[in-house]
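# Residue-level structural notes
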Amino acid sequence: KTFQHYLGSDCHRTYSCVHCRAHLAGHTDLISKSFQGSQGRAYLFNEVVNVDSGTPQERLLLTGMHAVSDIHCKCCKTTLGWKYERAYENSQKYKEGKFIIELIHMIKDNGW
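Overview of the structure. Treat the numbers as computed from the prediction; the structure is a model and nothing was measured.

Time to look at the overall build of the chain. Scanning the chain from N- to C-terminus turns up zero helices and 10 strands. Secondary structure elements of the chain, listed N to C terminal, follow the sequence β-β-β-β-β-β-β-β-β-β. With respect to the three principal axes, the spread of C-alpha positions in the chain is 40 × 30 × 20 Å. In the chain, which comprises 112 residues, the share counted as buried stands at 41%. In the chain, the proportion of contacts linking residues at least 24 apart, taken out of those at least 6 apart, comes to 47%. With the model as given, the accessible surface of the chain reaches about 6300 Å², and the carbon-plus-sulfur share is 47%.

Now the structure itself:
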């Protein structure tokens, strides 16, 4: 059985998996709404919950070469986006350790 992490009552606005409604991130962890995923628009988050990471791979993205790990919902196993493990361009270093979740895979919950 998978145990979900629930964002507490102090987190009034949350982003959840559209497929199973597991919490993914709080609004306070949102860094940017101006990212592009493989399936359309995506958001960049500082921290996420209820995700597992795959094996890091080097990928050429719109902003250059990065080492990224796909992230999957722990509850329904849907691929949600990726985690930036390493950025090779100095201007992209701020992304390291951050997470991309594609809009097609999340919904806004609680207090929107």
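Moving on, we come to the environment of leucine 24. Within the secondary structure layout, leucine 24 lies in strand S2 (residues 23-26). As a C-alpha pair, leucine 24 and serine 34 span 10 residues in sequence and 18 Å in three-dimensional space. For leucine 24, the contacting residues outside a window of four places in its chain are Tyr15, Ser16, Cys17, Glu47, Val48, Val49, Asn50, Val51, Leu80, Ile101, His105 and Met106.

With that out of the way, let us pick up the side chain of asparagine 50. With respect to the element layout, asparagine 50 can be found in the loop between strand S4 (40-45) and strand S5 (51-53). Within the local environment of asparagine 50, its side chain forms a polar contact with the backbone oxygen of histidine 23, the two atoms lying 2.8 Å apart.

For the rest of this paragraph, the subject is the nonpolar core. Residues Leu24, Phe45, Val48, Leu80, Ile101 and Met106 are the most contacted members of the largest nonpolar core, which totals 16 residues. If you look at the next biggest cluster of nonpolar residues, it comprises seven residues, including Ala42, Leu44, Val68 and Tyr84.

Cut-offs applied
Residues numbered from 1 in each chain as written. Predicted model: local features only at pLDDT ≥ 70, side-chain atom pairs only at ≥ 80, totals over all residues. Heavy atoms only, no water. Helix = DSSP H or I, 4+ residues; strand = E, 2+ residues; numbered from the N terminus. Buried < 20%, exposed > 50% of the residue type's maximum accessible area, 1.4 Å probe, protein only. Contact = heavy atoms within 4.5 Å. Areas by Shrake-Rupley, 256 points an atom, 1.4 Å probe, with all protein chains shown as cover. Polar contact = N/O pair within 3.5 Å; in protein donor to acceptor, adjacent residues only side chain to side chain. Core = buried A, V, L, I, M, F, W, Y, C linked by side-chain atoms within 4.5 Å.

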